[in-house]
Amino acid sequence: MKAKKILFITTEMVPFVSENFCSLRGKNLPQSIQDLGHEIRTFSPDWGIINERRNQLHEVIRLSGMNLIIDDTDHPLIIKVASLQSARMQIYFIDNEDFFTHRGIKADENGNEYDDNGERAIFYARGVLETVKKLRWTPDVIHCHGWASAIAPLLIKKAYCDEPSFAETKVVFSTAADELKSDMGERFVRSIPFRDITTDDVADICTDKCDYTGLAKIAVKFADGLILEDSKVSKDIIEYAKSLGKPVLKAQKEEDYAKAYSEFYETLMD
């Protein structure tokens, strides 16, 4: 199999955050795909719970300095990087004081999910794509992993489709069950328009507030394929993907998933 360039837009990964299914998959998947011979780049949000000193994160000045406008407000984009020597991987981190610094992954210390998770996801996805452009790297496949990556397929297909880095890219979205309990907040839908993207692009899914199922459907609508991380993913999401004719890869056994994902990427490239 010819080596492919795979970009991973993850939501969380060990050892930077605590161990759970999503964070373990966030690390092990890129590592396993790299071990299969693919060239990879991996991104994560710089969640406020990440210990930057212990994990040796440092800012990449040449990539930082851009402002992204979300809901008519400028938000500085900061890019940091760290290495996982044991996995032979370099991780890029998207940071911003408003969205990530001093804040948890999706909820505060009392377990209350943030009412701007939707805008946080938008900022993260746009930050990744702008950084990849600066890196002058052209991925064959972009694997969007988890809720924080869910707006990326829409951006890639509608706002960045003419960019050389993404013009020929295939996009995969993978999800586990019920990644968020609350809706995205009242500002989410109005924060979506960017370049050629309008609220009409998501009007068939959500016109006001948007829950996680709606967010996942937005990802599915603009992705080239859907991967189920577990067997409990909402049937509503699965049926929506099938109604659009999108290929769906069912949940795989732990020992088999990396090879199955690699083969799934290959089918999308054919």
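Residues numbered from 1 in each chain as written. Predicted model: local features only at pLDDT ≥ 70, side-chain atom pairs only at ≥ 80, totals over all residues. Heavy atoms only, no water.

J.: Which residues make up the nonpolar core, and what values go with them?
T.: Among the nonpolar cores identified, the biggest contains 92 residues, and Phe173 and Phe188 are the most heavily contacted of them. Setting aside residues no more than four positions away along its own chain, Phe173 makes contact with Cys144, Gly146, Ser149, Ala150, Tyr212, Ala216, Ala219, Val220, Ala223, Gly225, Leu226 and Ile227. (Core = buried A, V, L, I, M, F, W, Y, C linked by side-chain atoms within 4.5 Å. Buried < 20%, exposed > 50% of the residue type's maximum accessible area, 1.4 Å probe, protein only. Contact = heavy atoms within 4.5 Å.)

J.: Got a sec to walk through empty space enclosed by the protein? Specific residues and values, please.
T.: Tallying each qualifying case throughout the model produces one cavity of 30 Å³ or more. The space that makes up the largest cavity amounts to roughly 40 Å³. Of all elements in the fold, only α3 (117-135) and α4 (152-159) reach the threshold of two or more residues within the lining of the largest cavity. Its residues assigned to classes, the lining of the largest cavity shows seven nonpolar, no polar and one charged. (1 Å grid on protein atoms, 1.4 Å probe; cavity = no way out; pocket = protein on both sides within 12 Å on 5 of 7 lines; lining within 4 Å. Points joined across faces, edges and corners; volume = space filled by probe spheres on them. Helix = DSSP H or I, 4+ residues; strand = E, 2+ residues; numbered from the N terminus. Nonpolar A, V, L, I, M, F, W, Y, C, P; charged D, E, K, R; others polar.)

J.: Can you explain the pairing of strand β2 (residues 39-45)? Please cite residues and give values.
T.: Within β2, five of the seven residues are buried, leaving the element largely enclosed by the surrounding structure. Where strand β1 (residues 5-9) lies against β2, five bridges are found, and the strand directions are parallel. Bridge pairing in β2 links Leu7 to Arg41. In the classification by handedness, the crossover that spans β1, the intervening helix α1 (residues 21-35) and the parallel β2 is right-handed. With four bridges joining them, β2 and strand β7 (residues 89-95) adopt parallel strand pairing. For Phe43, the partnering residue across the bridge sits in β7 and is Tyr92. (Pairing = 2+ DSSP bridges. Right-handed = clockwise from strand over helix to strand, strands pointing away.)

J.: Outline the sheet that holds strand β11 (residues 248-249), listing residues and values.
T.: Taking strand neighbours across the sheet as the criterion, the nine strands line up as β3-β6-β7-β2-β1-β8-β9-β10-β11 in an open arrangement whose pairing is mixed. Of all strands in the sheet, those bounded by a partner on one side alone are β3 (58-59) and β11.

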